[in-house]
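Chain by chain, the residues:
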Amino acid sequence: MASIVNSKKIAKVMEKECVGCGSCTKSCPRSAIDVPKGICAVVDSASCVGCGLCQKACPASVIEIKARALEGGGEAA
Ligand code: SF4
Ligand code: SF4
């Protein structure tokens, strides 16, 4: 079950650039990033703590750590 994390940051994938390699999923200590159907990485905003490990693991450098929009449960653009 996902719980809302108390973090001001969140990982954001540049979807058009992602090559679906899956390295990010292996690096995430919270299993907050997944690559459904091997196409493109998707971040679970309820689980991601913005630690940046996936960013370091991404060979294509397509993950950014962004400020999270805490109100309304949405993500920062
Ligand atoms: S920033 Fe950290 S918690 Fe969030 S998806 Fe990346 S590795 Fe997982
Ligand atoms: S490591 Fe980077 S390129 Fe590979 S699936 Fe994750 S976000 Fe996409």
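Above this note sits the structure.
I will try to describe carefully the structure that is included in this document. Just so you know, these numbers come straight off a predicted model, no measurement behind them.

### Brief notes about the overall build of the chain
- The number of helices and strands found in the chain is two helices and four strands.
- Along the chain, helices and strands appear, N-terminal first, in the series β-α-β-β-α-β.
- Of all 77 residues assigned to the chain, the portion counted as buried reaches 35%.
- The long-range share in the chain, meaning contacts at least 24 apart out of those at least 6 apart in sequence, stands at 62%.

### Describing the site of ligand 1
- Inspection of the region around ligand 1 gives Ala11, Cys28, Pro29, Ile33, Cys48, Val49, Gly50, Cys51, Gly52, Leu53, Cys54 and Ile65 as its neighbouring residues.
- A breakdown of the residues in the shell around ligand 1 according to their chemical character gives ten nonpolar, two polar and no charged.

### Here we look at the site of ligand 2
- In the region of ligand 2, 14 residues are neighbours, and Cys18, Cys21, Gly22, Cys24 and Cys58 sit closest.
- Here the shell around ligand 2 is composed, by residue class, of eleven nonpolar, three polar and no charged.

### Considering the environment of Lys16
- Note on placement: Lys16 falls in the loop between β1 (9-13) and α1 (23-27).
- The sequence separation of Lys16 and Cys40 amounts to 24 residues, and the corresponding C-alpha distance is 8.3 Å.

### Remarks on the nonpolar core
- Residues Val13, Cys24, Ile33, Ala41, Val43 and Ile63 are the most contacted members of the largest nonpolar core, which totals 17 residues.
- It is β1 that contributes the most residues to this core, three residues altogether.

### Considerations on the pattern of salt bridges
- For the structure on display, the rule yields one salt bridge.
- Close ionic contact of Lys66 with Glu64 constitutes a salt bridge, the shortest N to O distance being 3.5 Å.

### Some remarks on the environment of Asn6
- By secondary structure assignment, the location of Asn6 is in the segment before β1.
- The spatial distance from the C-alpha of Asn6 to the C-alpha of Ala46 is 9.3 Å, given a sequence separation of 40 residues.

Rules of the game
- Here the residue numbering is sequential within each chain, running from 1 through the sequence in written order.
- Each chain is given a letter, starting from A, and each ligand a number, starting from 1, according to the order in which they appear as written.
- It should be noted that, the model being predicted, local features are given only for residues of pLDDT at least 70 and side-chain atom pairs only at 80 or more, the latter also being counted only at that level, while totals for whole chains, interfaces and linings use all residues.
- The side-chain figures draw on all heavy atoms in the structure; neither hydrogens nor water molecules are used.
- The numbering of helices and of strands both runs from the N terminus, where a helix is a DSSP run of H or I of at least 4 residues and a strand a run of E of at least 2.
- Each residue's exposure class comes from its accessible area (1.4 Å probe, protein chains only) as a fraction of the maximum for that residue type: buried when under 20%, exposed when over 50%, partly exposed otherwise.
- Contacts: residue pairs with any heavy atoms within 4.5 Å of one another.
- One heavy atom within 4 Å of a molecule or strand is enough for the residue carrying it to be called near that molecule or strand.
- Asp, Glu, Lys and Arg are counted as charged, while Ala, Val, Leu, Ile, Met, Phe, Trp, Tyr, Cys and Pro are counted as nonpolar; the rest, among them Gly, fall into the polar class.
- Here the nonpolar core consists of buried residues drawn from Ala, Val, Leu, Ile, Met, Phe, Trp, Tyr and Cys, with membership extended through side-chain atoms lying within 4.5 Å.
- Whenever a carboxyl oxygen of Asp or Glu lies within 4 Å of a side-chain nitrogen of Lys or Arg, that contact is scored as a salt bridge.

That's the geometry; what it means functionally is another story.
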